[in-house]
Amino acid sequence: MTEKEKMITGQLYTPEDQVLVEDRHKTRLYLNKINTLSIDEKLERNSIIGQLIPNTGDKLYIEPPFYCDYGYNIKIGNNVYMNFNCCILDVSTVTIGDNCMFGPNVQIYTATHPLEFKARNSGKEFAKAITIGKNVWIGGNATLCPGVTLGDNVVVGAGAVVTKSFPNDVFIAGNPAKIIKNIDNR
């Protein structure tokens, strides 16, 4: 397996692999353009976002600045809005369903490291995929940790730290996030 394949599938990999270094460099060039274009250059920004994140549905809007590791590991449905300063560490796949909204400063982290210091000091790392269902609203300054799955119609309170998965139709908040209430979406 290549280091890139190991990375995407959640195995320990070497981030200094030349292919990955080049991919991250290319991503930084895209992000630099996206984050510095004026508001009048919306069409050019959208075109660059389409190159950076090729797996998107219709009506994606990202307020700059936006940050990610690779872009190609992000899969986005239709009608998705990301407010200012969203950061997606897409070392593994991040899947975002239709009709999702992210508040400012939302952080989505697939990247993680071994707990044991010897393994961590080796420089190798790994990742766990994140899945976000349809109709999810993530409040400002919320953080999604590696391996989390959010069901459909979930609302994440501002500042929440989501360390585990949650089912459909719940409002979650806190650090660590817990279910505050069920949402009746009938």
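Throughout what follows, the structure given in this document is the object of discussion. (Residues numbered from 1 in each chain as written. Predicted model: local features only at pLDDT ≥ 70, side-chain atom pairs only at ≥ 80, totals over all residues. Heavy atoms only, no water.)

1. Describing the state of the cysteines
Next up, step 1: According to the stated counting rule, one finds zero disulfides in the structure shown.
Next up, step 2: Unpaired in this structure, Cys-86 has its nearest cysteine sulfur neighbour in Cys-87, at a distance of 7.2 Å.
Next up, step 3: A disulfide-free cysteine, Cys-100 has its sulfur positioned 11 Å from the sulfur of Cys-86, the nearest such atom.
Next up, step 4: Residue Cys-100 is classed as buried on the basis of its relative accessible area of 1%. (Disulfide = S-S within 2.5 Å. Buried < 20%, exposed > 50% of the residue type's maximum accessible area, 1.4 Å probe, protein only.)

2. Description of the sheet that holds strand S4 (residues 74-76)
Next up, step 1: The sheet built from five strands is open, its strands ordered S1-S4-S7-S12-S15 with parallel pairing. Across the chains shown, the open sheet's two edge strands, defined by having one partner strand only, are strand S1 (55-56) and strand S15 (149-150). (Pairing = 2+ DSSP bridges. Helix = DSSP H or I, 4+ residues; strand = E, 2+ residues; numbered from the N terminus.)

3. Here we look at the packing of aromatic side chains
Next up, step 1: Counting across every chain of the model gives two aromatic pairs.
Next up, step 2: Ring geometry for Tyr-61 against Tyr-81: centres 6.0 Å apart, planes inclined by 5°, an arrangement best described as stacked. Of this pair, Tyr-61 sits in strand S2 (residues 60-62) while Tyr-81 sits in strand S5 (residues 80-82); the two residues are 20 residues apart in sequence, bridging distant segments of the chain.
Next up, step 3: Residue class for Tyr-61 comes out partly exposed when judged on its relative accessible area of 28%.
Next up, step 4: Judged by relative accessible area, which is 28%, Tyr-81 ranks as partly exposed.
Next up, step 5: Where Tyr-70 meets Tyr-72, the ring centres are 5.4 Å apart and the plane angle is 35°; that geometry is what we call tilted.
Next up, step 6: Its guanidinium or amino end placed over the ring of Tyr-72, Lys-4 lies 4.3 Å from that ring's centre, counting from NZ or CZ. (Phe/Tyr/Trp six-rings, centres within 6.5 Å; stacked < 30°, edge-to-face > 60°. Lys NZ or Arg CZ within 6 Å of the ring centre and 35° of its normal.)

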